[in-house]
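# Examining the three-dimensional arrangement
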Amino acid sequence: MTDHRFSAEAQALRRTARRELWIERILLAAAGLSAAVVVAIFSMLVWFCLPLFTEHRLGAVLAWRWDPIHQHFGILPMLITSCMLTILALCIAFPLTIGICSLLHGTIRNGVLRRMLLFLVHFMTGIPTVIYGFVSVFVLVPLLRWVFETGTGFSLMAACLTLSVLILPTMVLVLHAELDQAEARYRLTAEALGFSAEQTMRSVLLPACRRALIVTVLLGMGRAVGDTLVSLMVAGNAAQVPHSLFDSVRTLTAHIALVLATDSHSMAYQSVFAAGLFLFLLMSCFQAVLRFWAKSGASFR
Amino acid sequence: MKPTVDRFWKTVSWLSGLIVSASVSFLIGFLLWKGVHAVSPRLFFGDTAWQDALFGRRPVFDGIWPAVVGTLSLVVFASLIAVPIGVAAGIYLSEYATARQRRWIGSLVDLLSATPSIVMGLFGFTLILFLRKTIFPNAQTGLMLAAGCIALIVLPYLIATTQAALQGIPEESRLLGASLGLTKWQHIRHTLIPLSAKGILGGVVLAIGRAAEDTAVILLTGVMARAGMPRNLWDKFEALPFHVYYLAAEHRDAAELAQGFGTALVLLMVTTFLFGFSYWIEKQAARRWNSA
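Residues numbered from 1 in each chain as written. Chains lettered and ligands numbered in written order. Predicted model: local features only at pLDDT ≥ 70, side-chain atom pairs only at ≥ 80, totals over all residues.

The name that an unreviewed UniProt entry assigns to chain B is Phosphate transport system permease protein PstA, with the source organism given as Desulfatirhabdium butyrativorans. Here chain B is described in UniProt, under the heading Sequence similarities (unreviewed entry), as follows: "Belongs to the binding-protein-dependent transport system permease family. CysTW subfamily." Taken verbatim from the UniProt record of chain B, the Subcellular location (unreviewed entry) comment is "Cell membrane". (UniProt positions renumbered as here; feature names shortened; annotations may be inferred.)

Looking up chain A in an unreviewed UniProt entry gives the name ABC transporter permease subunit, with the organism given as Desulfatirhabdium butyrativorans. Per its UniProt entry, chain A bears the Sequence similarities (unreviewed entry) comment "Belongs to the binding-protein-dependent transport system permease family. CysTW subfamily." Listed under Subcellular location (unreviewed entry) in UniProt, the entry text for chain A is "Cell membrane".

### Observations regarding the interface of chain A and chain B
Across the contact, 64 residues belong to chain A and 67 residues belong to chain B. With 17 residues, the top contributor of residues to the side of chain A that touches chain B is helix α1 (residues 2–54) of chain A. When its residues are assigned to classes, the side of chain A that touches chain B shows 40 nonpolar, 19 polar and five charged. (Contact = placed C-beta atoms within 7 Å. Helix = DSSP H or I, 4+ residues; strand = E, 2+ residues; numbered from the N terminus. Nonpolar A, V, L, I, M, F, W, Y, C, P; charged D, E, K, R; others polar.)

### Comments concerning helix α9 (residues 210–226) of chain A
The end-to-end C-alpha distance of α9(A), which contains 17 residues, comes to 24 Å, matching closely the 24 Å that a straight helix rising 1.5 Å per residue would cover. Looking only at α9(A), the buried set comprises A:A212, A:V215, A:T216, A:G220, A:M221, A:G222, A:R223, A:A224, A:V225 and A:G226. (Expected span 1.5 Å × (residues − 1). Buried ≥ 20, exposed ≤ 12 C-beta atoms within 10 Å, placed from the backbone.)

### Considering the domain arrangement of chain A
Residue and element names in this part refer to chain A. Parsing chain A into structural domains produces domain 1 (2–56) and domain 2 (75–300). The interface is formed by eight residues belonging to domain 1 together with six residues belonging to domain 2. Considering only residue class, the side of domain 1 that touches domain 2 consists of eight nonpolar, no polar and no charged. (Domains from an automatic or database assignment.)

### As for the domain arrangement of chain B
Residues and elements named next belong to chain B. Each domain of chain B was delimited in the assignment, giving domain 1 (1–35) and domain 2 (42–291). Here the C-alpha centroids of domain 1 and domain 2 sit 33 Å apart. Each partner contributes residues to the interface: domain 1 has four residues there, and domain 2 has five residues. Looking at side-chain class alone, the side of domain 1 that touches domain 2 contains two nonpolar, one polar and one charged residues.

### Quick notes on the packing of helix α3 (residues 76–107) of chain A against helix α7 (residues 156–192) of chain A
Residue and element names in this part refer to chain A. The interhelical angle for the contact between α3 and α7, taken along N-to-C directions, is 40°, at an axis separation of 6 Å. Relative to α7, the element α3 lies oblique. The way α3 lies across α7 gives a crossing that is right-handed. Taken together, the residues of the contact of α3 with α7 sort by class into 20 nonpolar, four polar and one charged. (Axes fitted to C-alpha atoms, helices over the stretch in contact; angles between N-to-C directions. Parallel < 35°, antiparallel > 145°, perpendicular 65-115°, else oblique. Left-handed = near helix turned anticlockwise from the far one by under 90°.)

### Details of the UniProt feature "transmembrane region" (unreviewed entry) in chain B
Residue and element names in this part refer to chain B. Mapped onto the present numbering, the UniProt feature "transmembrane region" (unreviewed entry) falls at residues 12–33, 64–93, 105–131, 143–166 and 261–281. Structurally, residues 64–93 comprises 97% helix and 0% strand, and the distance from its first C-alpha atom to its last is 41 Å. Span residues 143–166 is 100% helix and 0% strand, its end C-alpha atoms 33 Å apart.

### As for the environment of A:V234
Residues and elements named next belong to chain A. Mapped onto the secondary structure, V234 falls in helix α10 (residues 229–234). In the structure, V234 is positioned 72 residues away from T162 in sequence and 8.5 Å away in space, judged by C-alpha atoms. Residues in contact with V234, not counting those within four places in the same chain, are G133, S136, V137, L140, V141, F154, A158, A159 and T162.

Given below as structure tokens:
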């Protein structure tokens, strides 16, 4: 009798254990799948880029001229444009980020105005990219055309202004979160030393957050490089190396979208895969640096 | 000396605050000014009666209803794919994973979140090329492919929010399971998930918002202007953000332009609502532990 009950209990236990094991396996499968997707993306891009390497056509893609009708498939102009656009957008967005963060943490530390500004920044994260592009097409582009009286207005300048507004909220929120922590640690000391709010910001809080500053810049860069819609809508899309701010330009991301929408030439396709692979690798580099900084930052504290 | 630098710094900060607030207010104001009179039943259904459009009895030609349906089905299918996987992966990473697994899987998921959406779209496109070369010679881009690619975009958000919600649970609540003699999964199922449900829900809403706004992915995976209603899961479709993009470049007359502004306003309202809602849930969830 007792034996029988014992074995029944043991069976129930075993069943539970098996169930637990299966659940863990299913959860692991989900986590593994999420991780494997990245590997799949990478291998797919490499697989489609392979002909470039095996058939020695890499030189044709890493060239300065894009003119598919005359068999020129160089993507270097787009690459340069992407880099220039990102750097220019950061040159505008970074000072604005510092300015807004020092408003939030120094000049107006409490009150309605601060809450409104924070609300605004949170609101900006929710605005779809396509809307930034849409409004730029109908406001910024005619404005540039009217003020500077050169070209159509669809230019590097328009894209970089729009892009800087687009990446701003991400950067502000990251830096703001970090400054919140730094403020809790240093505010009293700084006030005891008789620093003004701006002095505290300049010589205590920002130096304390210098790692966060780099993370901020990298995240902003990542968003700016990866953005497609703004450059597609307002940059003008001429495949050339820009010589002035008012030249019509095309970024790597826009190049991918444009070529896949129109051309069907196999070499044009391969240039797109090369562009995709390059973007992916660039993001991996950013991510690696970010990880490195975050980790060394943690050990630093 | 110092006061001068201070004053300069202060001026620049105020200036940057002003510039940003002004440009965003201008953006909203401009959209409202141009778009608000376009938002009407006519914007959605055109000349078709709304009852007929809603039940699909008659096609809508000059309204944005097909785009609304397209975006809605994209969001639904992408969530159906991404939410179970994302939440399960988040639970695994937070509760089961060893430090080593967490580092590896975590960095790959981070990389997934950093991948530009156009590259995700390119991945979907190559998948179709690959399928055409191998088993399905007439594979086409379409609704399900786009939903799958969007699911990949929102997956990292879901994983991150689930992980954060589970890790935000105070240590005392974690003792509960052990004290009752629950197994690990019973503990997760009956105490941890209910306690972190709000945080997870916030992540889901955020993911829906991201899925609704993304344009670059669907650009490469089967969106089409004037595709009408998708007839099946593999058909071409329309979507709200793409409609805005398309009308910005290719409007033929003032009426279409007005429709563009109306669509942009509708899209902005939808995403603002979703992001606001997710932010609110997040605040609620955070307050719960801080006040306790």
